[in-house]
Amino acid sequence: MEWLPLLLDGTLITLQVAALSSIVSLILAAAAGLACSSRHTIIRGVANVYVEVFRACSLLVLLFWVYFALPFLDIELSKLTAAVLAIGLNIGAYGSEIVRSSIAAVPKGQYEAGVALNLSGSMRMFRIILPQAVTRMVPPFANLMIELLKATSLVYFITLSDLTFEAMIIRNNYYTWTPQIFGLLLLIYFVLSAFISFSARLLERKLTVWR
Amino acid sequence: MWKWDYVIELLPKLLNAFLVTLGATLLGFLISILIGLVFALAGRSAYRPIRWTIRSIVEFIRSTPLLVQVFFLYYSVPMLTGLAMSAFVTGVFALGLHYGTYMSEVFRSGIDAVPRGQWEASTALHLSKRKTWLSVILPQALPPIIPMMGNYLIVIFKETPTLSAITLVELLLTAKSEASVSYRVFEPYTVVGLLFLIVSLIFSYGIRQLEKRMLRHEHPGGGEKR
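Because the structure is a prediction, the values reported are computed rather than measured.

A.B. asks: Explanation requested: the overall build of chain B in the structure shown.
C.D. replies: Looking only at helices and strands, one finds eight helices and zero strands in chain B. The order of helices and strands in chain B, counted from the N terminus, is α-α-α-α-α-α-α-α. If one aligns the C-alpha atoms of chain B with their principal axes, the spans along those axes are about 70 × 55 × 25 Å. Taken across its 226 residues, chain B has 45% of its residues classed as buried. Nonlocal contacts in chain B, meaning residues at least 24 apart in sequence, comprise 77% of its contacts between residues at least 6 apart. Looking at chain B as shown, the accessible area adds up to about 12100 Å², and 67% of this sits on carbon and sulfur atoms.

A.B. asks: What's the story with the side chain of B:S204 in this structure? I'm lost.
C.D. replies: Residue and element names in this part refer to chain B. Considering the arrangement of structural elements, one finds S204 in helix α8 (residues 186-218). S204 gets classed as buried once you look at its relative accessible area, which sits at 17%. A polar atom in the side chain of S204 sits 3.2 Å from the backbone oxygen of L201.

A.B. asks: So what exactly am I meant to see when it comes to the environment of A:L203 here?
C.D. replies: Residue and element names in this part refer to chain A. Summarising the element assignment, L203 is placed in helix α8 (residues 178-209). The exposure class of L203 is partly exposed, given its relative accessible area of 45%. Separated by 180 residues in sequence, L203 and I23 place their C-alpha atoms 17 Å apart.

A.B. asks: What exactly am I supposed to notice about the state of the cysteines here?
C.D. replies: Note on terminology: a disulfide is the covalent bond linking the sulfur atoms of two cysteines. Residues and elements named next belong to chain A. All chains considered together, the criterion is met by zero disulfides over all chains. Residue C36 stays outside any disulfide, its sulfur separated by 18 Å from that of C57, the closest cysteine. For C36, a relative accessible area of 10% gives the class buried. Take C57: its relative accessible area is 11%, and that puts it in the buried class.

A.B. asks: Which parts of the structure should I look at to understand helix α4 (residues 87-112) of chain B?
C.D. replies: Since the α-helix advances by 3.6 residues per turn, residues separated by three or four positions end up pointing in the same direction. Its 26 residues give α4(B) an end-to-end C-alpha distance of 37 Å, which sits within 8% of 38 Å, the value for a rise of 1.5 Å per residue. Considering bend angle alone, the principal kink of α4(B) is centred on B:G100 and spans about 35°.

A.B. asks: In this structure, what is going on with the environment of A:N143? I would like to understand it.
C.D. replies: Among the structural elements, A:N143 can be located in helix α6 (residues 121-151). Spatially, the C-alpha atom of A:N143 lies 27 Å from that of A:G45, the residues being 98 residues apart in sequence.

A.B. asks: In this structure, what is going on with the confidence of the model for chain B? I would like to understand it.
C.D. replies: Interpretation of this model should avoid reading the predicted coordinates in detail wherever pLDDT is low. Residues and elements named next belong to chain B. Averaged over every residue, the pLDDT of chain B is 92; residues scoring 70 or more account for 96%. Per-element confidence in chain B is highest for α4, whose mean pLDDT is 97, and lowest for α8, whose mean pLDDT is 90. Low pLDDT, under 50, characterises residues 221-226; the stretch is placed with three contacts to residues that sit more than four places away or in other chains. Both confidence scores are given for the complex: pTM 0.92, ipTM 0.93.

A.B. asks: Just checking my understanding: could you explain the pattern of salt bridges for this structure?
C.D. replies: Note that side chains of opposite charge can pair when their charged atoms are close. Residue and element names in this part refer to chain A. By the definition in use, this model includes nine salt bridges over all chains. Between E97 and R100 there is a salt bridge whose closest N-O contact spans 3.6 Å. One end of the pair, E97, and the other, R100, are both in helix α4 (residues 79-105), three residues apart, so they sit about a helical turn from each other. Given a relative accessible area of 30%, R100 falls into the partly exposed group. As a salt-bridge pair, K150 and E147 come within 3.4 Å of each other at their nearest N and O atoms. Of this pair, K150 and E147 both sit in helix α6, three residues apart, which is roughly one turn of the helix.

Procedures and definitions
Residues numbered from 1 in each chain as written. Chains lettered and ligands numbered in written order. Predicted model: local features only at pLDDT ≥ 70, side-chain atom pairs only at ≥ 80, totals over all residues. Heavy atoms only, no water. Helix = DSSP H or I, 4+ residues; strand = E, 2+ residues; numbered from the N terminus. Buried < 20%, exposed > 50% of the residue type's maximum accessible area, 1.4 Å probe, protein only. Contact = heavy atoms within 4.5 Å. Areas by Shrake-Rupley, 256 points an atom, 1.4 Å probe, with all protein chains shown as cover. Polar contact = N/O pair within 3.5 Å; in protein donor to acceptor, adjacent residues only side chain to side chain. Disulfide = S-S within 2.5 Å. Expected span 1.5 Å × (residues − 1). Bend = angle between axes of the 7 residues up to and from the residue. pLDDT = per-residue confidence, 0-100. Salt bridge = Lys/Arg side-chain N within 4 Å of Asp/Glu carboxyl O.

Below, the structure is given as structure tokens:
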């Protein structure tokens, strides 16, 4: 089992890719989700095009395009940047739907109360609507973060040395251990996913306490 | 920069590979429906150990990447069982198993949405368990979830490039090998990206229309009542 430390190295890279791309996707999801709920047709249109295009595109193909095809337009990205960009754009498009639907699910009376109190549009959004919407967003976002974690395994294709890539290298050297290596790999991903859903449950409890 | 001649030369090869992608998508979708139905029904079993086992399996498969499952099925399973499968069979089975766990949730939501009175009426009419499922519950549970199942058809379609990792020659791998011959990367990957984009946009448009029609069917005369 002298190959275990290599898997740990891979875990660190996987966690790094997951953390960075989740930040990018959360920012994009919030921006596009809010834009989809905007009154201005143009802002709504741009956000809708982003969501439709990046949801319809296959993530792996997008990753290939960003990493291999973009250099032909003189845009050369490092492996990590390409991975974070592709995963962030893709997951962000799905996340924006969660933001949009959670905002839409806040009862209409809350908007009307905001209007009656003569609050400005941004006041209404940030003080009344969003705090109520965020609580609804936690469970679906936890699922999305698990999808994101699973998606990071695709960086194997652009030879970024994440968990999956390390496991494939180890397999080349310790061929007879193949079942154990992949079994352990599945287990590590499962533990990481379980950690995400556990933290989400804690967060949800914390957010609902003050209600 | 962009060479149209090269694109025209590429297209027949890519369209051939597209058939492989489409075949893997449809077969994977069919298997996922079968597995999803089995998981959904077994997940409602009266025996707690069966319920618990099925839910753990579903949870585990949903929490781990498709790519790693594909590797496990392709490289580990033959070593453990001596049973080797081709890349296509492995890939289709992996897609079916992975999305079967998602499909089981879809079936579960459909079955849960059938009113309790329907079960009670079946009991009152003394219908057998088989008859209750086949002629009362499933015919009411399935139609409303067809659009949701359609969404997973698109998801499976978008995941087929993952199978290129075990040398299934679908769209992405074809583009890759074309690029390695011609040293022109931009056109093949862009064309493949556009193909995926166009096909999934058309599909999702169709599913949205289907959804609308279902809604109108459920509330006659009130399509916009949402």
